[in-house]
Amino acid sequence: MLIFIHGFNSAGKGEKAIQLREALPDIEVVSPTLSYVPDKAIKELEKLIKKGVKRKKPVALAGSSLGGLYAAYLAAKHALPAIMINPLIDDTLLREYIGPQENFYTGKTYNWTTEYCDQLGKYHTQASELAVLPLVLLDEGDEVLGHWQATKHYEGQADLRLYPGGSHRFDHLGEAMPVIRKYLEGRC
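A brief look at the structure comes next. As the structure is a computational prediction, the values presented were derived from the model and not from experiment. (Residues numbered from 1 in each chain as written. Predicted model: local features only at pLDDT ≥ 70, side-chain atom pairs only at ≥ 80, totals over all residues. Heavy atoms only, no water.)

### As for the nonpolar core
So, point 1. Membership of the largest hydrophobic core comes to 43 residues, with the highest contact counts inside it found for Ile3, Leu61, Tyr70 and Tyr154.
So, point 2. Where this core is concerned, the elements lending two or more residues are strand S1 (2-5), helix H2 (38-54), helix H3 (66-78), strand S4 (82-85), strand S6 (109-112), helix H4 (114-121), strand S7 (135-139) and helix H5 (147-154).
So, point 3. Residues within four places of Ile3 in sequence aside, it is in contact with Val30, Leu45, Leu48, Ile49, Val59, Ala60, Leu61 and Ala62.
So, point 4. Among the nonpolar cores identified, the runner-up in size contains 23 residues, and Phe4, Val29, Tyr163 and Ala176 belong to it. (Core = buried A, V, L, I, M, F, W, Y, C linked by side-chain atoms within 4.5 Å. Buried < 20%, exposed > 50% of the residue type's maximum accessible area, 1.4 Å probe, protein only. Helix = DSSP H or I, 4+ residues; strand = E, 2+ residues; numbered from the N terminus. Contact = heavy atoms within 4.5 Å.)

Laid out in structure tokens, this is it:
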């Protein structure tokens, strides 16, 4: 089972989740729409991991942006394989978004607060804490996070793949699919 974790103001029905399902028909891809409250989102993901383990299914994680931060934390905690796509490394960037927000897919509005940023601080994970070598996919053209942050954070601690151009949306998912499939072989 591959649990795909969406990013900030996104949803489980996003483009990456759809692409993963289509490209990996032999793997169960689960992609819930998570709470915007970090502590609640982590609890929701913990339940899915436990469900997979209970069903005796190997579990792997994939996360994009904020989902990459969650994936790293959960992968370290549960010794799971993880794929991070243009991942957020810490809460710094999301402090710039404090205030009213609207989810791009659901249209739900909410207020992003300092408290939520503080919650994210608990989930910051050093690359050295990951028991299973992660796969990190980065677009050089990521206009939101800048690929250098994740490159510096994961250098020497991950299978790091850097694609020219692109954007924060990670425009190279189709191109990266063979790498993703190979990474997941025997892991989920």
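### Examining the packing of aromatic side chains
So, point 1. For the coordinates displayed, the defined rule picks out 8 aromatic pairs.
So, point 2. A centroid spacing of 5.7 Å and a plane angle of 65 degrees characterise the contact between Phe8 and Tyr97, whose relative ring orientation is edge-to-face. Of this pair, Phe8 sits in the loop between S1 and helix H1 (15-23) while Tyr97 sits in the loop between S4 and strand S5 (99-102), and the two are 89 residues apart along the sequence.
So, point 3. Here the aromatic rings of Phe8 and Trp112 are separated by 5.0 Å at their centres, their planes lie at 75 degrees, and the arrangement is edge-to-face. Of this pair, Phe8 sits in the loop between S1 and H1 while Trp112 sits in strand S6, and the two are 104 residues apart along the sequence.
So, point 4. We classify Phe8 as buried; its relative accessible area is 15%. (Phe/Tyr/Trp six-rings, centres within 6.5 Å; stacked < 30°, edge-to-face > 60°.)

### Regarding the packing of H2 against H3
So, point 1. Two elements in contact, H2 and H3, have axes separated by 11 Å at closest approach and are oriented at 50 degrees. Between H2 and H3, the angle is such that the two are oblique. Classified by chirality, the crossing of H3 by H2 is right-handed. From H2, Pro38, Ala41, Ile42, Leu45, Glu46 and Ile49 reach across to H3, where they touch Tyr70, Tyr73, Leu74, Lys77 and His78.
So, point 2. Looking at side-chain class alone, the contact of H2 with H3 contains 8 nonpolar, 1 polar and 2 charged residues. (Axes fitted to C-alpha atoms, helices over the stretch in contact; angles between N-to-C directions. Parallel < 35°, antiparallel > 145°, perpendicular 65-115°, else oblique. Left-handed = near helix turned anticlockwise from the far one by under 90°. Nonpolar A, V, L, I, M, F, W, Y, C, P; charged D, E, K, R; others polar.)

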